[in-house]
Amino acid sequence: MSNDMKISSATPGDAQRVAAPNYPPGDLAIWIFILAELLVFAVFFAAYAFTRMNHVELFNEYQATLNRDAALINTLALLTSSYFVMRGVVAAREGNNAFCARWLWAAVAMGVVFVVVKSAEYAHHLGAGVSLSTNTFYMFYLSLTFFHFMHVILGMVILVAVAVKARGDGYSVEDHTGVETGASYWHMVDLLWLILFPLVYVMR
Amino acid sequence: MQYKSQAVAKPYFIAAIGLFVGQILFGLVLGLQYVMGDFMFPEIPFNVARMVHTNLLIVWLLFGFMGAAYYLVPEEAERELQSPGLALLMFWVFLVAGALTILGYLLVPYSGLAELTRNELLPTMGREFLEQPTITKLGIVVVALAFLFNIGMTILKGRKTVVSLVLLIGLVGLAVFFLFSFYNPDNLVKDKYYWWWVVHLWVEGVWELILGSILAFVLIKTTGVDREVIEKWLYVIIAMTLITGIIGTGHHFYWIGAPEYWQWWGSIFSALEPIPFFMMTVFAFNMVNRRRRNHPNKAAILWALGTAVMAFLGAGVWGFLHTLSPVNYYTHGTQITAAHGHMAFYGAYVMIVLTMISYAMPMLRGREAANSNRSQVLEMWSFWLMTVSIVFITLFLTGAGILQVYLQRFSADPLPFMVVQDKIALFYWMREIAGLVFLIGLLTYVASFFVGAREPEATTAVAEKASA
Amino acid sequence: MNGIEPTRQLIRPCTLVYAVLMLLTVVTWGIGRAGLSGLGVSLTVLAFAMLKGHLIGDWFMGLRGVRGIWRWVVVAWLLIPGGLISLAFFLSYRS
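Each residue is numbered by its place in its chain's sequence as written, counting from 1. A letter from A marks each chain and a number from 1 marks each ligand, given out in the order of writing. Where totals are concerned, whole chains, interfaces and linings use all residues; where local detail is concerned, this predicted model gives features only for residues with pLDDT of at least 70, and gives and counts side-chain atom pairs only at 80 or more. The side-chain figures draw on all heavy atoms in the structure; neither hydrogens nor water molecules are used.

**Some details on the overall build of chain A**
Within chain A, the regular secondary structure consists of six helices and zero strands. When its C-alpha atoms are laid out on the principal axes, chain A stretches across 55 × 35 × 30 Å. The contacts of chain A with a sequence gap of at least 6 include a subset with a gap of at least 24, amounting to 78%. Summed over its atoms, the accessible surface of chain A is roughly 7700 Å², and 64% of this surface lies on carbon and sulfur atoms. Charge convention: Lys and Arg are scored as positive, Asp and Glu as negative, and His as well as the terminal groups of each chain are ignored. Every charge is mapped to an atom, namely NZ of Lys, CZ of Arg, CG of Asp or CD of Glu. Between the centroid of the 11 positive side chains of chain A and the centroid of its 14 negative side chains there is a distance of 4 Å. Numbering of helices and strands runs from the N terminus, with a helix taken as a DSSP run of H or I at least four residues long and a strand as a DSSP run of E at least two residues long. Residues count as neighbours in contact if any of their non-hydrogen atoms are within 4.5 Å of one another. To measure how exposed things are, a 1.4 Å probe is used in the Shrake-Rupley method; for residues, cover is taken only from the protein chains shown.

Rendered as structure tokens:
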């Protein structure tokens, strides 16, 4: 497999798409990692759905105890942060490190919103005496969201690292793979939540 | 050999191979005892043979890891070892302690050994794989600390590479998790927790880091592929290893009295444990295909590729076979486990140590880069003999295990354990024969160190002609 | 690629995508709030989620401009849990 870019017949509206690469933006290694992560969650999602089959009433009953408004805020926060990250990548591609850093910090701020809201939800449930052993629904709810929560935190650490490097003028028009790598991971965190939100909070 | 102090690896490798031979001999005794229960009784009862077989394995792998580290670290750090003298001293301490322990197993009844070594002061004996008397365990800690000091200082004072740092993390983890073996809670559930935190977090956690870094080192040296490329793979592999391996510990918690959610956590995460092994296979073949040079040591490359494949099969596929809790409900503690254990230990850890020995030994014995062609051909024969026979051992044990699960646990009217053992005896006989072939392979391996020792080195040109 | 088009337009395409994502999210939330349930509703909500995932993959992750198998990696992934979840819900409503 060659990694070289080939000139594609660009349509006029796509003036900038002169080259269509064989590989997604960012380091290939992060994509291998992303694939593995996606697989883990796919298994978890499927396990949730199939276990629910045998406990429909239990799942419906306890789904009602979740705070859907908090989940809405969190979904909007993650989508917004993903949007910001994407704008950060644009800035990096144009060689504007200062803008890139600002967009990334804004994305991290949205991540903080997510963490705070999610923590409040956890505090509420734990305060009500809910644990992994309470019932199967809560087991899945806590496991899935907490595992995702850890990914949000890891993603934020990565974004902060990229933002700091951008602040120090660490990227250029030629070399901004680092920004794309961090961005790809963060978009994955968003992607996972997009399935998790309807599955756990809405679908019944 | 670029640094004089790398030479301390040699006695470690020799001891490792010697103990390996011992392990296989006891394995054959043990295998025969499955079908001839009183073979060598009362001199070597089944439980003693089993203990010696497994303990020797662990000890010689540790010798191998240490030797590998002593060879690898100076080259990565680009400086001499902190203290070659300390490394040699620790070699003798470890060897004598190991030998005394094995002799203790063989000469004294286990309870007598416990009394003799004053186990009651700090009771740590009696847990599978961790049967060593407390004093031996303390000795292991001393050796490990001295070893880590030696390796750690060399790395800290020299060039820090991803390979050597991953190795260091793996070795520190190995030492830290061993400390759990000193705590023996009265509560049986907790007791199992602590036991698995040594056993599982070793073989499905930190040892994989050691495996990954040694493999990366040998591939960097033999293929000439850019270090950056190899390091990137190493990062991804170890991240995946740690995520799946650490939470995957849950697959040992199914039936020991742990909370129910472990059924899910254990199943899901351990089901993904094959992924890093699969990545390792892709990684190894990819690197060899992208090689920038043809290294004359063909045997070492064969071992490296073999490790990648067999680790995936043994640890990955055979592990996955019985890792889901609904399956494990029937298979736990049967010959399925033994099948997985044999192929996983051979494929992942035996083979990586042999890879390193194969790569390093020619230099340690004064060669430029590789052994003579004749020696390499013999070594490759031993590779195939041992690898094919371990595949057969695994298949026979898997057959035995499937039959055992069915007759003893799954069928409408289950049979008692010993009755089932009689019914699967044929598989045990075939396993024993495969084991004999393995011994022949191992002896061939040992012979490869002596055959063709005076002949000139294999060169790339010759190797290329041979492969063309 | 990456949904990053020339900046001359008043609103970037990716900003429109972002608006669609937000809208679909609020609709999903509204469905939950209204207490709607049933197979059709659940599968619609799931379809929204998969569409959102596809938009993220194409426009935010930048797969829109990639050739070959990586172009479809997120779509392929969405179909695995999406398909299995649909199947599970379908079966649970049938019984």
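**Things to note about the overall build of chain C**
Along chain C, the regular secondary structure elements total three helices and zero strands. Of the regular secondary structure in chain C, the N- to C-terminal order runs α-α-α. Burial statistics for chain C: of 95 residues in total, 53% are counted as buried. Partitioning the contacts of chain C with sequence separation of at least 6, the portion at a separation of at least 24 is 65%. Accessible surface, chain C as shown: approximately 4300 Å² in total, 71% of it carbon and sulfur. When accessible area is computed with a 1.4 Å probe and restricted to protein chains, residues below 20% of their type maximum are described as buried, those above 50% as exposed, and intermediate ones as partly exposed.

**Some details on the interface of chain B and chain A**
With 15 residues of chain B in contact, the opposing surface of chain A contributes 18 residues. Buried area: the sum, over both parts, of the accessible surface (1.4 Å probe) that disappears when the two are put together. Of the roughly 1600 Å² buried between chain B and chain A on both sides combined, carbon and sulfur atoms contribute 88%. Considering only the side of chain B, the residues that lose the most area to chain A are Trp264, Trp265 and Ile268 of chain B, jointly responsible for 34% of the buried surface there. Any carboxyl oxygen of Asp or Glu within 4 Å of a side-chain nitrogen of Lys or Arg constitutes a salt bridge here. Seen at the junction of chain B and chain A, the total is one salt bridge. Pairs of N or O atoms within 3.5 Å make up the polar contacts considered here, provided that, within protein, one atom can donate a hydrogen while the other can accept it, and that residues adjacent in sequence are counted only when both atoms are side-chain atoms. Taken together, the connections running from chain B to chain A amount to one residue pair in polar contact (both at pLDDT 80 or more). For the side of chain B that touches chain A, the elements supplying multiple residues, two or more each, are helix H8 (227-248), helix H9 (261-271) and helix H10 (274-289) of chain B. Its residues placed into classes, the side of chain B that touches chain A shows 14 nonpolar, no polar and one charged. When residue character is reported, Ala, Val, Leu, Ile, Met, Phe, Trp, Tyr, Cys and Pro are called nonpolar, Asp, Glu, Lys and Arg charged, and the others, Gly included, polar.

**Things to note about the interface of chain C and chain A**
Counting residues at the interface gives 52 residues for chain C, matched by 54 residues for chain A. Both faces combined, the contact of chain C with chain A buries some 4900 Å², and carbon together with sulfur accounts for 74% of it. Counting across the chain C and chain A interface gives zero salt bridges. For the pair chain C and chain A, the number of links is 10 residue pairs in polar contact (both at pLDDT 80 or more). When contributions to the side of chain C that touches chain A are tallied by element, the ones reaching two or more residues are helix H1 (13-33), helix H2 (39-60) and helix H3 (73-94) of chain C. Ranked by residue count, the leading element in the side of chain C that touches chain A is H3 of chain C, at 13 residues. Residues belonging to the side of chain C that touches chain A are distributed by class as follows: 33 nonpolar, 13 polar and six charged.

**Observations concerning the packing of helix H2 (residues 56-63) of chain A against helix H5 (residues 136-167) of chain A**
Residue and element names in this part refer to chain A. Interaxial distance between H2 and H5 falls to 8 Å at its minimum, and their mutual angle equals 55°. Taken together, the axis directions place H2 and H5 in an arrangement best described as oblique. Taken as a pair, H2 and H5 cross one another with a handedness that is right-handed. For the pair formed by H2 and H5, the contact residues are Leu58, Phe59, Tyr62 and Gln63 on the first element and Thr136, Phe137, Tyr138 and Phe140 on the second. Residues belonging to the contact of H2 with H5 are distributed by class as follows: six nonpolar, two polar and no charged. Here an axis means a line fitted to C-alpha atoms, over the contact stretch when the element is a helix, while the angle between two N-to-C directions is reported on a 0 to 180 degree scale. Note that the term roughly parallel is reserved for angles under 35 degrees, roughly antiparallel for angles over 145, roughly perpendicular for angles of 65 to 115, and oblique for everything else. For any pair of crossing helices, the crossing counts as left-handed if the nearer helix is rotated counterclockwise from the farther one by less than a right angle, and right-handed if it is rotated clockwise.

**Digging into the arrangement of the chains**
When the two pairs of chains in contact are ranked by number of contacts, first place goes to chains A and C. In this assembly chain B lies apart from chain C, the nearest approach of their C-alpha atoms being 14 Å.

**Focus on the packing of aromatic side chains**
All names here are of chain B. Only the six-membered ring of Trp is used, alongside the rings of Phe and Tyr, when aromatic pairs are assigned; centres must lie within 6.5 Å, and planes under 30 degrees apart are stacked while those over 60 apart are edge-to-face, with the rest tilted. In this structure the tally under the stated criterion is 75 aromatic pairs over all chains. With centroids separated by 5.4 Å and ring planes inclined at 55°, the aromatic side chains of Phe278 and Phe312 adopt a geometry described as tilted. Placement of Phe278 in helix H10 and of Phe312 in helix H11 (residues 298-321) is noted, with a sequence separation of 34 residues between them. Note on Phe278: relative accessible area 46%, which makes it partly exposed. The criterion is that NZ of a Lys, or CZ of an Arg, lies within 6 Å of the ring centre and within 35 degrees of the ring normal, and then a charge sits over that ring. The residue whose ring lies beneath Arg431 is Tyr34, and the NZ or CZ to ring-centre distance is 4.9 Å.

**A few points about the pattern of salt bridges**
The full count for this structure, using the stated rule, is 13 salt bridges over all chains. The salt bridge partner of Glu78 of chain B is Arg159 of chain B, with a shortest N-O separation of 3.7 Å. With Glu78 of chain B in the loop between helix H2 (46-77) and helix H3 (84-107) and Arg159 of chain B in the loop between helix H5 (134-157) and helix H6 (162-178), the pair connects residues that are 81 residues apart, well separated along the chain. In this structure Arg159 of chain B comes out as partly exposed when scored by relative accessible area, which is 31%. When the shortest N-O distance is used, the salt bridge between Arg71 of chain C and Asp58 of chain C registers 2.8 Å. Residue Arg71 of chain C is found in the loop between H2 and H3, and its partner Asp58 of chain C is found in helix H2; the two are separated by 13 residues along the sequence. The two residues Arg71 of chain C and Asp58 of chain C agree in class, both being buried. Each of Glu76, Arg227 and Glu231 of chain B takes part in salt bridges that share partners, so that together they form one network.

**As for a nonpolar patch on the surface**
Residues and elements named next belong to chain A. Residues enter patches when their relative accessible area tops 30% and they take part in no salt bridge; the joining distance is 9 Å for like charges and 5 Å for the nonpolar side chains Val, Leu, Ile, Met, Phe, Trp and Tyr. Together, Phe146, Met150, Ile153, Leu154 and Val157 make up a nonpolar patch on the protein surface, roughly 410 Å² of accessible area in all. Looking at where Phe146 falls in the secondary structure, it is placed in helix H5. Among the residues examined, Phe146 registers a relative accessible area of 39% and is labelled partly exposed.

**So, the confidence of the model for chain C**
A residue's pLDDT is simply how confident the predictor is in it, with values from 0 to 100. Confidence along chain C averages 89 in pLDDT terms, with 89% of residues attaining 70 or more. If you check the scores for this complex, the pTM reads 0.89 and the ipTM reads 0.89.

**Quick word on H2 of chain C**
Any helix carries an expected span of 1.5 Å times its number of residues minus one. Between its first and last C-alpha, H2 of chain C extends 30 Å over 22 residues, near the 32 Å set by a 1.5 Å rise per residue. Note on H2 of chain C: the residue one or two positions beyond its end, Gly62 of chain C, has a positive phi of about 85°.

**Thoughts on the confidence of the model for chain A**
Residue and element names in this part refer to chain A. Summarising the model, chain A shows a mean pLDDT of 90, and 91% of its residues fall at 70 or more. Element-level pLDDT for chain A is lowest in helix H1 (residues 28-54), with a mean of 92, against a maximum mean of 97 in helix H4 (residues 97-127). Long-range and interchain partners of residues 1-18, a stretch whose pLDDT sits below 50, account for 22 contacts in this model, where long-range means more than four residues apart.

**What about the environment of Trp202 of chain B?**
Residue and element names in this part refer to chain B. Within the secondary structure, Trp202 sits in helix H7 (residues 188-223). Taking C-alpha positions, Trp202 is 10.0 Å from Ile246, a pair spaced 44 residues apart along the chain. Discounting residues that sit within four places of it in the chain, Trp202 has contacts with Ile58, Gly173, Leu174, Phe177, Phe178, Trp207 and Glu208.

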